[in-house]
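# Notes for the structure review
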Amino acid sequence: MLPASVSSYIDKNRQAFVDDLAAFLKISSVSTLSEHDEDIRSAAQWVLDQLENCGFEGKIYQTQRHPVVLASSEHIPGAPVLLVYGHYDVQPPDPLDEWETPPFSPSTRDGYIYARGATDDKGQFLTYVKAAQAILGAGEKLPVNLKFLVEGEEEIGSPNLEKFLREHRGELIADAVAISDGAQFAPGIPAITYGLRGLCYFQLDVQGPRFDLHSGGFGGIVENPAQVLANILAALKAPDETVNLPGFYDDVLPLQKSEREEMASLPVDESRIRDYLGVPEFTGEPGYSVVERKGARPTLDINGLWGGFSGQGAKTIIPARAGAKVSMRLVPNQDPGIITRIFHDFIEKNSPAGVKVKITDLHGADPVLVSRQTTAMRAAEKAIAAGFGKKPVFIREGGSIPVVNLIKKHLGQENILLLGWGCPDDGAHSPNERFSLDDFHRAIHSVATLYYEIGV
Ligand code: BES
Ligand code: ZN
């Protein structure tokens, strides 16, 4: 149970907490663009300052690229240890002209705060800091030992986190781990996530003639890289949306009957989602529902595509080169290493002799399922019910969070709580990303309650 003093501290400081979130959101900590390296460092420092203000002791650790913040609360003997993970880096904000207000000038309207990183993940992560601050501010003692692990490379696939976890294993031992970097099932339907998809991401570069050619002078005698690329990409998927790579589905863990029944019982509002997305119809793998397709079945997507002339009017050329970014979302039991091999084999087989096709492996993450039958899960259920006034539903999410499997693998930790405070229509990675201020407030209540419930 959350002491009344803490609850009222959270209520009284609602605006102050939002102001702090706005300050965090002003830092343009885009991890993929090196011109933001200084902002990345400021964001790490901002996180450490916040934690030190709560009496935590911590440090910023350099990695090969972006720093990790590791901090812990004053040790209380006998109390459980909760490891909290979050990421302070964000995705690039483009296309900039589609933002109603600039991405790094947080703006509050209609009960939401709008900014890049509002929901992914600054707003969600900050609830853990504010909950600790509220307990201490109310004059109470923390009921739990807290360790915070906050990284700046999540949005680029956490390339240096595995090494960091191996080197700092001893400092990261905990009874449970909490991560809020996902979403509720829908607005007003809080959820606990027990599955995430994995990821395999590639770039394809097709090189044809040394330079762009006159398509009249040379058309018909050389391979056109854009055409070759289109053929390869088209071959990756069958018209019914299934993935054509031989062996792609071999290791997929089939959905249990009970799980399918549970997914079917989730209150999904398909027409609301279609309206939000602006698409007249859904598509996807035959035999599976929308909920199954977007959270529990593997997919392949073209994420970007370029080549040749795309300016105004016409230019009769055979382009010298063309390229694409292609990624696959993987589900439990699929191995990114095996899928990478299958992908390479397929591309090589489908590449004609008249061009060079280069494949670059960009990044990946393992798919994951976490146990639902743990005492930490029961604590999280109570905490969500206390903050949101509703029991959570259990869901599988389609996104990826590389740290989850790394924590399982390197810390041997199975007690992982994935508690999404955001909403699917928050616009993560999109223009006009936002986070509901009511949900921010409710989530701080939930996290504070979780701190009390976790040891019970
Ligand atoms: N917060 C997302 C992950 C997420 C999205 C979880 C939706 C649940 C639902 C995270 O910040 C993210 O975007 N991850 C990347 C990982 C990749 C770069 C390895 C992703 O899923 O694309
Ligand atoms: Zn993200």
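Because the structure is a prediction, the values reported are computed rather than measured.

Moving on, we get to the packing of aromatic side chains. According to the stated counting rule, one finds 10 aromatic pairs in the structure shown. Centroid distance phenylalanine 202 to phenylalanine 343: 4.2 Å. Interplanar angle 15 degrees. Geometry classified as stacked. One end of the pair, phenylalanine 202, is in strand S9 (residues 198-207); the other, phenylalanine 343, is in helix H11 (residues 336-349), and 141 residues separate them in sequence. With respect to class, phenylalanine 202 is no different from phenylalanine 343; both count as buried. Judged by centre distance (5.1 Å) and plane angle (90 degrees), the ring pair of phenylalanine 248 and tyrosine 249 falls under edge-to-face. Under the relative-accessibility criterion, phenylalanine 248 is labelled buried at 1%.

A separate point is the nonpolar core. Among the nonpolar cores identified, the biggest contains 100 residues, and Leu82, Phe148, Ile179, Val404, Leu450 and Tyr451 are the most heavily contacted of them. Residue contacts for leucine 82: discarding those within four places in its chain leaves Val144, Asn145, Leu146, Lys147, Ala174, Ala176, Val177, Ala178, Leu450, Tyr451 and Ile454. One finds Val206, Leu330, Phe343 and Phe346 within the second-largest nonpolar core, a separate group that totals 25 residues.

Moving on, we come to the environment of glycine 295. Structurally, glycine 295 can be placed in helix H10 (residues 290-295). On the basis of relative accessibility, which here comes to 2%, the residue glycine 295 falls in the buried class. Residues glycine 295 and leucine 330, 35 residues apart in the sequence, show an inter-C-alpha distance of 9.9 Å. Here glycine 295 is in contact with Arg197, Arg396, Glu397 and Gly398, once residues within four sequence places are set aside.

A separate point is the sheet that holds strand S11 (residues 299-307). Across the sheet, four strands lie side by side as S11-S13-S9-S14; this open sheet has antiparallel pairing. Since the sheet does not close on itself, it has two edges, and those belong to S11 and strand S14 (356-365), each with one partner. Neighbouring strand axes in the sheet, compared pairwise and without regard to direction, differ in orientation by 15 degrees on average. Of the pairings in the sheet, the one linking S9 to strand S13 (residues 321-330) comprises 10 bridges and is antiparallel in character. Its bridge partner lying in S13, valine 206 is registered against alanine 322. On the sheet, helix H7 (residues 225-236) packs against S9, S11, S13 and S14 and is oriented at approximately 15 degrees with respect to S13. Against the sheet, H11 contacts S9, S13 and S14, and its axis sits at roughly 20 degrees relative to S9.

A few words on the packing of helix H1 (residues 4-12) against helix H4 (residues 118-137). The interhelical angle for the contact between H1 and H4, taken along N-to-C directions, is 120 degrees, at an axis separation of 8 Å. The angle between H1 and H4 falls in the class oblique. Of the two elements, H1 crosses H4, and the hand of that crossing is right-handed. Mapping the contact onto sequence places Val6, Tyr9 and Ile10 in H1 and Gln133, Ala134, Ile135 and Gly137 in H4. Partitioned by chemical class, the residues of the contact of H1 with H4 number five nonpolar, two polar and no charged.

Moving on to the coordination of the zinc ion (ligand 2). The coordination sphere of the zinc ion (ligand 2), as far as protein atoms go, consists of Asp120 (OD), Glu155 (OE), Glu155 (OE) and His429 (NE2), spread over 2.0 to 2.6 Å. Each of the six donor atoms around the zinc ion (ligand 2) contributes to a set of angles spanning 54 to 158 degrees, which defines the coordination as irregular. Donor residues binding the zinc ion (ligand 2) come from one chain and are separated in sequence as D-x34-E-x273-H. Of this pair, glutamate 155 sits in the loop between strand S6 (145-151) and helix H5 (161-167) while histidine 429 sits in the loop between strand S17 (416-418) and strand S18 (434-436); the two residues are 274 residues apart in sequence, bridging distant segments of the chain. For histidine 429, a relative accessible area of 41% puts it in the partly exposed group.

Moving on, we get to the site of ligand 1. Every one of the 16 residues lining ligand 1 counts as a neighbour, but Asp120, Glu154, Asp181, Ser400 and His429 are closest to it. Between ligand 1 and glutamate 154 there is a distance of 2.7 Å, counted from an oxygen atom to a side-chain nitrogen or oxygen. Arginine 329 places a side-chain nitrogen or oxygen 2.9 Å from an oxygen atom of ligand 1. A total of 520 Å² of accessible area belongs to ligand 1 in isolation, and the protein chains cover 87% of it. Looking at side-chain class alone, the shell around ligand 1 contains three nonpolar, seven polar and six charged residues.

A separate point is the pattern of salt bridges. Following the criterion strictly, the structure yields 20 salt bridges and no others. Between lysine 130 and aspartate 20 there is a salt bridge, with its nearest N and O atoms 2.8 Å apart. Of this pair, lysine 130 sits in helix H4 while aspartate 20 sits in helix H2 (residues 14-25); the two residues are 110 residues apart in sequence, bridging distant segments of the chain. On the basis of relative accessibility, which here comes to 0%, the residue lysine 130 falls in the buried class.

Backbone torsion omega between aspartate 94 and proline 95 reads 0 degrees, so that peptide bond is classified as cis. Topologically, proline 95 is positioned in the loop between strand S3 (81-87) and strand S4 (107-109). Cis geometry is found at the peptide bond from aspartate 120 to aspartate 121, where omega equals 5 degrees. The backbone phi angle of histidine 429 is positive, close to 70 degrees, even though this residue is not glycine. Even without glycine at this site, asparagine 432 takes up a positive phi of about 60 degrees. By relative accessible area, which is 19% here, asparagine 432 ends up buried.

Thresholds, definitions, all that
Residues numbered from 1 in each chain as written. Chains lettered and ligands numbered in written order. Predicted model: local features only at pLDDT ≥ 70, side-chain atom pairs only at ≥ 80, totals over all residues. Heavy atoms only, no water. Phe/Tyr/Trp six-rings, centres within 6.5 Å; stacked < 30°, edge-to-face > 60°. Helix = DSSP H or I, 4+ residues; strand = E, 2+ residues; numbered from the N terminus. Buried < 20%, exposed > 50% of the residue type's maximum accessible area, 1.4 Å probe, protein only. Core = buried A, V, L, I, M, F, W, Y, C linked by side-chain atoms within 4.5 Å. Contact = heavy atoms within 4.5 Å. Pairing = 2+ DSSP bridges. Axes fitted to C-alpha atoms, helices over the stretch in contact; angles between N-to-C directions. Parallel < 35°, antiparallel > 145°, perpendicular 65-115°, else oblique. Left-handed = near helix turned anticlockwise from the far one by under 90°. Nonpolar A, V, L, I, M, F, W, Y, C, P; charged D, E, K, R; others polar. Donors = N, O, S within 2.8 Å, 3.2 Å for Na, K, Ca; no water. Tetrahedral: all angles 85-135°; square planar, octahedral: opposite > 155°, others 65-115°. Near = heavy atom within 4 Å. Polar contact = N/O pair within 3.5 Å; in protein donor to acceptor, adjacent residues only side chain to side chain. Areas by Shrake-Rupley, 256 points an atom, 1.4 Å probe, with all protein chains shown as cover. Salt bridge = Lys/Arg side-chain N within 4 Å of Asp/Glu carboxyl O.

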